[in-house]
Every structure is written in C-alpha cells, then in structure tokens.
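Close look at the chain arrangement
If you want the building blocks of each chain, they are given just below.
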Amino acid sequence: MSVGNVSFIKDFVIVGFPGLQPHYYGLVSALLFFVYVFTLVGNAIFLALFVMSRSLQKPVYYCIVNLVVCDVLFSTKTLPKIITRYWFQDGSISFMGCFLQMFFVHYFGSVTARLLAVMAIDRYAAICFPLRYHSLMKNRNVFILILGSWLLGLIGPLMMIIRAYPLPYCASNSIVHCYCDHIAITTLACTDREEYSYPAFIHAMIVLLGSLAVIVFSYCAIIVAVLHISSAQGRMKTFSTCSPQLIIIALFFLPRCFNYLSSNINIKFSTDLRLVIIMMYSLLPPMINPLIYCLRTDEVKKVLRKKIQRENIILSCSNVISVSSSYTSPNTCIPFLY
C-alpha cells in the first residue's frame, strides 16, 4: 500500500462484544457497573482494615495491599470506558488514550503476576523455614521484592508502546475488545504484525511462566514440608494458611494459561465467547479477592469481627442513651468499648 493512499486514524472505537444485541446494552452496562462498584467497595474495606489494624501490618499483607492497589487501578482504567460504551453508546477513545490504556492493562497484569510470586515466597519461608522467617522476610526485604515487582513490570509494557505507537494505523479503527490491549491495537496496523506480536508473546510467557515457576516450586516445597508434620490437625492448620493465596493464584493464572494455550493449539472460540473468558479472568479476581482475604484469612476475619462487634456495641449504647437516658447513665456503656 502506498503511503499516499493511507488515511491514518486519529482515534479508536471500543466495540465490546460484537454479537451483543442492543436491547441487552443496559443489562450489560448495569452488570459491569455493579462489578466496578463491588470491586471498589470490597478493596476499600480491606485497605481500611489494614490501615486501622496493626496486627495486619505484616509482610504477607503488604503484598496483598499492593494487589489491592493493582486490582483497583486495573478496574478503574478499563471498566469506565466499556460501561460508557454500553450505557451511553459512546465507545470512542483517543489514539493516545488507547495506548495509555494498553500500557496500564499490561503493566498491572505484570505487577500482579510478580506480586503473587512474592506471596508464594513469603509462604515458602514461613512454612519451610519458620525459625528464620522473621530474618528472611524482614520489612526491608519485602519492600525490595515489592518495589522490584513494580519496577520490573514497566519494562515489557514500555517496549510494547515504543514499538507499537509509531506503526501506521490505516485499517478500521474498531477495536473488537472491551479495552485496548496489544493484540487488539496492532491488528489494526497496515503492516506485518508478526515481528511485533512475537516479542510481546515471549514477554507475556516470561512473566506468566516465570512467576508461575516460582509459585509451583514454592508450593511443592510447602507440600513436602506439610507432609512431614506428624499430626493431621497440624497439617490442615498449616496448609489452611495457604488456601487463600492458592485460590487467588488459580483465578489469575489458570484462565490466562488456558487462553494462551488454546490460541496456540488452534482451539477456536467465537469472538464473543473469547471476550467473555478474557473479561472473566480480568475482572472477576479484583471483585472476588476481597472476599477471599476477609473470609478465608483468620487474622482478617478476627479484625473484621472485632470492628463489627464494636460498631454494634456503640450503636446499641447510643440507642440506650437516647431512649432511656433518665434511667441509665451514659458512663455504663463506656467499659464495653475497650
């Protein structure tokens, strides 16, 4: 194609689910809005518990807090645009805005994968080296690992942006996806995308499989250590400390590995089904993770239970004072607050 016949696009349009009928737009936008609000509220509750409770300020919870930040930022960067597309029938996004969204989508995904590996290392140290755990997983060491996760996560997405941004985009400006990602954008370039897709695919495999290798090694060592515990109750108690992280890891890695594997062994899905799978593994973990933190972690459950009980006591005392102040002195409620 000659350069003179190329008409370069200035913005993109997020199509979303191409097979979705218009009369379902309101339902889909309401569902996505619910997912977004639930994600924000759930993660905000955990952050509030972490800030207010010194008992949660431990290495493993530092990792979880960073996961919470990743989940909230990822959802905030992707969901509002697709909600707008179905709620107000406005899927347009500027050229620069689409590339920024692509950067943050891949960046937060890379950081999350590495943070999950750091959490696995923390459990490995806690169970396999319990006497040396506090010296191995000092706050300084944990902060270095977490900071490294955020800094290393910049490399791949920056390279994608640097290589993809200058390409001539002269095809359709319709992105058949719910947000901008590398494949969806570079598919629209009027050039051979293989030399751009392979490095991006290799980077994705290094991030996913590298982090997964650390996780698999850590939990294999943990399983061996747990099996050496003499009592069945001790084995169950020790392994239960890992169950929340195993659920989070499974939600993050298994659907992604299935998606990449299926695309490379020629398992064909309809476009809508493929997008449903992508949206499920992109948006469900940020929404479900706070429930896992709060319901599957004993320390968080204890803190949450204490907060709820304290609020109930304060509320009941306020009602007693307001209704029967002439019979009961307000000071009688004070001891119960401590």
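Residues numbered from 1 in each chain as written. Predicted model: local features only at pLDDT ≥ 70, side-chain atom pairs only at ≥ 80, totals over all residues. Heavy atoms only, no water.

**Points about the sheet that holds strand β2 (residues 92–94)**
Formally: Here, a strand pair is defined by DSSP locating no fewer than two bridges between the strands. In this description a helix means any DSSP run of H or I spanning at least four residues, a strand means any run of E spanning at least two, and both kinds are numbered starting from the N terminus.
Here three strands make up an open sheet; going across it, the order is β2-β1-β3 and the pairing mixed. The sheet is open, and its two borders are formed by β2 and β3 (174–175), each paired with just one other strand. Alignment of strand β1 (residues 11–14) against β3, held across two bridges, turns out to be parallel. Bridge assignment links Ile-14 to a residue of β3, and that residue is Ile-175.

**Examining the pairing of β1**
As a reminder of what qualifies: Working definition: with a 1.4 Å probe on protein chains only, accessible area under 20% of the residue-type maximum means buried, over 50% means exposed, and in between means partly exposed.
Burial of the side chains of β1 is restricted to one face: Phe-12 and Ile-14 are buried, whereas none of Asp-11 and Val-13 on the reverse face is. Pairing between β1 and β2: three bridges, direction antiparallel. Looking at β2, one finds that Val-13 is bridged to Ser-92.

**So, the state of the cysteines**
Heads up, the condition is: Cysteine sulfurs are considered disulfide-paired once they come within 2.5 Å of each other.
Here the structure, examined in full by the defined rule, presents one disulfide. Two residues, Cys-98 and Cys-180, share a disulfide whose sulfurs are 2.0 Å apart. Negative torsions about the S-S bond denote left-handed disulfides, and the value of about -110° found for Cys-98 with Cys-180 makes this one left-handed. Within this pair, whereas Cys-98 is found in helix α3 (residues 95–128), its partner Cys-180 is found in the loop between β3 and α7 (182–186), the two being separated by 82 residues in sequence. Residue Cys-180 is classed as buried on the basis of its relative accessible area of 0%.

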